[in-house]
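So you can see what is in the structure, the chains are spelled out below.
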Amino acid sequence: MYAIEDSPSRYYQIMRHYQEGQLLFAAIRLDLFSFLDTPQRAEEIAEATGCDKIQMDFMLLSLVSCGFVHKQGDFYINASETKSFLSRNSKVFLGDTLLFREKMTSLSLLEEKVKAPPAGNGPSYDFSELARLTIPEMYTGRVQVFMDKIGKLYPNNSDTLHILDLGGGAGILDIEFIKQFPNSKATILETPEVSKVTREIVQQHHMQQKIDVISGDFNSDPLDGPYDFIIASGILNFVEGDLSVFMEKLSDALKDGGYLFIIGQFAEDKNSVPANMISWLSGFLEGIPLPPSAKEIETVLQKSGFNLAERIKVSLFEGHLYQKDRRNLSVPSSEVIDSFIMLTERIANSKTNVLDFGSEEMTFYRGEIHMIKTIGDYPGIHSAELARKYGITRPVVHKTLQKLSERGLIVKQDDPEDKKRYLLYLTEKGQTAYHAHKKYHDEYDKALFDFLGDTSGDKLAAMKGFLDHAISLIEHHS
Ligand SMILES: C[S@@+](CC[C@H](N)C(=O)[O-])C[C@H]1O[C@@H](n2cnc3c(N)ncnc32)[C@H](O)[C@@H]1O
């Protein structure tokens with residue numbers, strides 16, 4: 001005999017749960033529960049759903065065994081929860097939502113997917129359909145908790161607030177918010193695809209005057225503002241790049257004292273398993289990144305001047321409410337110096353010291369293309385002024401200009417006001433290089449420009465002050 005320490009019962013339980021799932025989804029597809037709000041015999045259900053009476057009896061008995069349906073003599077009737085959520089007569093019918101979610105997150109192709117590397121063409125989740133189908137789901141707790149919190153934060157319904165909902169899906173939180181605060185405004189930022197659905201739902205509620213639906217990308221688009229309240233529900237997986245840069249952007253878009261509501265479940269730290277790992281496994285296998293951990297979010301938010309105001313957990317709903325408070329925000333000077341040194345090192349070691357705009361003719365050293373840019377920006381500039389702008393000697397400027405002139409990129413013309421100097425202009429070829437360089441920067445620096453566009457004037461002044469100071473120190477460095 002084997003001595004058995006562990007019990008295998010878990011595997012049999014899993015198999016039973018799996019079958020329970022199959023039974024439940026088949027019953028939803030047959031729409032059985034919509035006929036069972038009042039007591040019915042098996043033959044009546046069989047007739048209503050186009051099924052065989054004997055087989056239907058087996059199915060109903062199985063539904064009873066799982067507690068979805070009760071049996072009273074020959075009659076079957078929905079259990080209370082089933083009546084609330086799985087009968088089409090209910091306002092919060094979840095049958096279609098559950099069927100969609102089951103299909104969307106199905107692991108039926110798991111073996112094939114783990115064998116192959118991620119497809120790399122992004123997740124195939126249909127967020128537009130998800131937005132439509134999550135509407136009843138929203139009313140099974142999320143809306144109620146959200147409105148309860150909002151009501152406590154802003155007890156005066158006539159307040160004129162402005163909220164922003166990032167990746168807001170159906171926009172239900174915003175619609176309910178406006179119903180309660182009719183003098184307020186909401187902005188929903190969604191992807192171009194989903195925003196069509198959002199707009200449609202907002203229109204159905206006649207709220208287009210109060211709710212602005214913007215199609216765009218919260219990673220790269222400016223957020224405008226300032227807002228009283230920002231909702232970030234189920235979106236942190238989709239934040240690209242540095243999370244702290246994103247949170248800074250949110251902080252800049254919020255009024256001081258404003259709130260950020262993060263909805264979602266997260267792993268405790270980066271070594272623990274993300275909450276809902278299996279629910280989203282199909283998405284992770286298709287390229288959706290893992291969400292950040294709670295610890296990572298907390299650290300980054302603290303740095304951006306947010307304080308945790310409340311942790312909210314009601315049934316399946318989990319959220320964290322943060323308040324922006326920049327009064328105690330400070331960064332040690334050593335961190336600024338470290339970042340500055342890192343930046344200068346990166347620039348010095350940059351692989352892009354040579355910029356290639358598509359041909360040998362259009363390949364430039366950084367110094368060359370920047371001289372072309374300045375001449376393009378200031379046609380007729382003198383070489384002495386170029387030397388002053390770049391903080392380099394006139395012979396060095398002269399050497400570069402000579403090269404650019406030999407390559408047919410610039411022309412020199414005598415200055416009628418001063419015979420000793422000449423004026424610099426771009427040739428047609430120089431203009432081509434100028435525009436290629438502009439395009440390159442427009443594309444590659446967009447994120448930085450957007451970040452600066454979202455940054456408040458006082459912070460920009462502080463950044464400029466630091467950079468000017470650093471430049472003057474370098475100029476006076478012997
Ligand atoms: C998991 S859903 C959450 C929807 C809704 N906030 C909710 O909690 O039910 C994520 C949403 O974020 C949107 N989204 C993802 N990346 C985005 C981006 N870069 N810019 C704007 N929206 C984005 C998706 O279209 C999707 O509707």
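Calculation rules
- Residues numbered from 1 in each chain as written.
- Predicted model: local features only at pLDDT ≥ 70, side-chain atom pairs only at ≥ 80, totals over all residues.
- Heavy atoms only, no water.
- Helix = DSSP H or I, 4+ residues; strand = E, 2+ residues; numbered from the N terminus.
- Rg over C-alpha atoms; globule rule 2.2 N^0.38 Å.
- Buried < 20%, exposed > 50% of the residue type's maximum accessible area, 1.4 Å probe, protein only.
- Contact = heavy atoms within 4.5 Å.
- Areas by Shrake-Rupley, 256 points an atom, 1.4 Å probe, with all protein chains shown as cover.
- Lys, Arg positive; Asp, Glu negative; His and termini not counted.
- Charge placed at Lys NZ, Arg CZ, Asp CG, Glu CD.
- Near = heavy atom within 4 Å.
- Polar contact = N/O pair within 3.5 Å; in protein donor to acceptor, adjacent residues only side chain to side chain.
- Arc of directions from axis to C-beta.
- Pairing = 2+ DSSP bridges.
- Core = buried A, V, L, I, M, F, W, Y, C linked by side-chain atoms within 4.5 Å.
- Axes fitted to C-alpha atoms, helices over the stretch in contact; angles between N-to-C directions.
- Parallel < 35°, antiparallel > 145°, perpendicular 65-115°, else oblique.
- Left-handed = near helix turned anticlockwise from the far one by under 90°.
- Nonpolar A, V, L, I, M, F, W, Y, C, P; charged D, E, K, R; others polar.
- Domains from an automatic or database assignment.

The name an unreviewed UniProt entry assigns to the protein is Methyltransferase domain-containing protein, from the organism Aminipila butyrica.

Engineer: Tell me about the overall build of the protein, and name the residues and values.
Structural biologist: In terms of helices and strands, the protein carries 20 helices and 14 strands. For 478 residues, the compact-globule estimate of 2.2 N^0.38 gives 23 Å, and the C-alpha radius of gyration of the protein, at 31 Å, exceeds that figure by more than 25%. The principal-axis extent of the C-alpha atoms belonging to the protein is close to 110 × 60 × 50 Å. The buried share of the protein, taken over its 478 residues, is 39%. Long-range pairs, those at least 24 residues apart, make up 65% of the contacts in the protein with a sequence separation of at least 6. Surface summary for the protein: the accessible area is close to 28300 Å², and the carbon and sulfur share equals 55%. Each charge class in the protein can be summarised by its mean position, and for the 52 positive and 68 negative side chains these summaries are 4 Å apart.

Engineer: Give me the lowdown on the site of the ligand, citing residues and values where you can.
Structural biologist: Taken together, the neighbourhood of the ligand is formed by 16 residues, with R142, G167, E190, D217 and S233 sitting nearest. Separating an oxygen atom of the ligand from a side-chain N or O atom of R142 is a distance of 2.8 Å. With respect to the ligand, the backbone of F218 contributes an N or O atom lying 3.0 Å from a nitrogen atom. For the ligand, the protein covers 88% of the area, taking 590 Å² as the surface of the free molecule.

Engineer: Describe helix α2 (residues 42-49), with residues and values.
Structural biologist: Inspection of α2 places A42, I45, A46 and T49 among the buried residues, and these make up the whole buried set. Down the axis of α2, the smallest arc covering the buried residues is 100°, so these residues share one side. Here the buried face of α2 lies against α1 (9-30), β1 (40-41), α3 (53-65) and β3 (75-78). Of the residues flanking the end of α2, it is G50, one or two places downstream, whose phi is positive at about 70°.

Engineer: Account for unusual backbone geometry, with residues named and values stated.
Structural biologist: Cis geometry is adopted by the peptide bond preceding P226, which originates at G225 and carries an omega value of 5°. For P226, the location among the structural elements is in the loop between β6 (211-215) and β7 (227-233). Unlike most non-glycine residues, H206 shows phi in positive territory, near 55°. A relative accessible area of 67% places H206 in the exposed class.

Engineer: Can you break down the pairing of strand β14 (residues 418-426) residue by residue, with the values?
Structural biologist: Remark: a regular strand shows side chains that alternate across the two faces of the sheet. Looking at chain direction, strand β13 (residues 410-415) and β14 are connected through 6 bridges and run antiparallel. Bridge pairing links D415 to D418 in β14. Linkage of β13 to β14, two consecutive antiparallel strands, is achieved through a turn of 2 residues.

Engineer: Describe the nonpolar core, naming the residues involved and giving the relevant values.
Structural biologist: Judged by nonpolar contacts, the single largest core of 34 residues is most densely connected at F146, I150, F177, I211, F229 and F261. For F261, the residues in contact, after removing those within four places along its chain, are F146, F229, I230, I231, A232, I312, F317, G319, H320 and L321. Counting 25 residues, the second-largest nonpolar core is a separate cluster that includes L243, F246, V300 and F306.

Engineer: Describe the side chain of Q40, with residues and values.
Structural biologist: Within the secondary structure layout, Q40 lies in strand β1. Overall, the relative accessible area of 18% leaves Q40 in the buried class. A distance of 2.9 Å separates the side chain of Q40 from the side chain of T38, its partner in a polar contact. Ignoring any residue separated from it by four or fewer positions in sequence, one finds Q40 in contact with F35, I45, D74, F75 and Y76.

Engineer: Tell me what's going on with the sheet that holds strand β4 (residues 162-166), and back it up with residues and numbers.
Structural biologist: Reading across from one edge, β6-β5-β4-β7-β8-β10-β9 is the order of the 7 strands in this open sheet, with mixed pairing throughout. Only two strands of the sheet have a single partner each, and these edge strands are β6 and β9 (306-314). Strand-to-strand twist of the sheet, defined as the mean angle between neighbouring strand axes without regard to direction, takes the value 15°. Strands in contact with helix α10 (residues 192-204) are β5 (185-190) and β6; relative to β6, the strand with the most contacts, it is inclined by about 165°.

Engineer: Break down the packing of helix α8 (residues 142-153) against helix α9 (residues 172-180) for me, with residues and values.
Structural biologist: Packing of α8 against α9 leaves a shortest axis separation of 10 Å and a crossing angle of 45°. Relative to α9, the element α8 is oriented oblique. The two elements α8 and α9 meet at a crossing, and its hand is right-handed. Residues R142, V143, F146, M147, I150 and G151 of α8 touch α9, and the partners they reach there are I172, L173, E176, F177 and Q180. Of the residues in the contact of α8 with α9, the class split is 7 nonpolar, 2 polar and 2 charged.

Engineer: Which residues make up the domain arrangement of the protein, and what values go with them?
Structural biologist: We note that the domain assignment places domain 1 (9-97), domain 2 (137-324) and domain 3 (333-444) within the protein. Once you take the C-alpha centre of each, domain 2 and domain 3 turn out to be 44 Å apart.

Engineer: Describe the sheet that holds β1, and please don't skip the residues or the numbers.
Structural biologist: One open sheet holds the 3 strands; their spatial order is β1-β3-β2, and the pairing between them is antiparallel. With partners counted over all chains shown, the strands left at the sheet margins are β1 and β2 (69-72), one partner each. Taken together, the 2 bridges between β1 and β3 define a ladder with antiparallel strand orientation. Opposite R41, over in β3, you have F75 as the bridge partner.

Engineer: Lay out the environment of Y11 with the relevant residues and their values.
Structural biologist: Inspection of the secondary structure puts Y11 in helix α1. According to the relative accessible area criterion, Y11 is exposed, its value standing at 58%.

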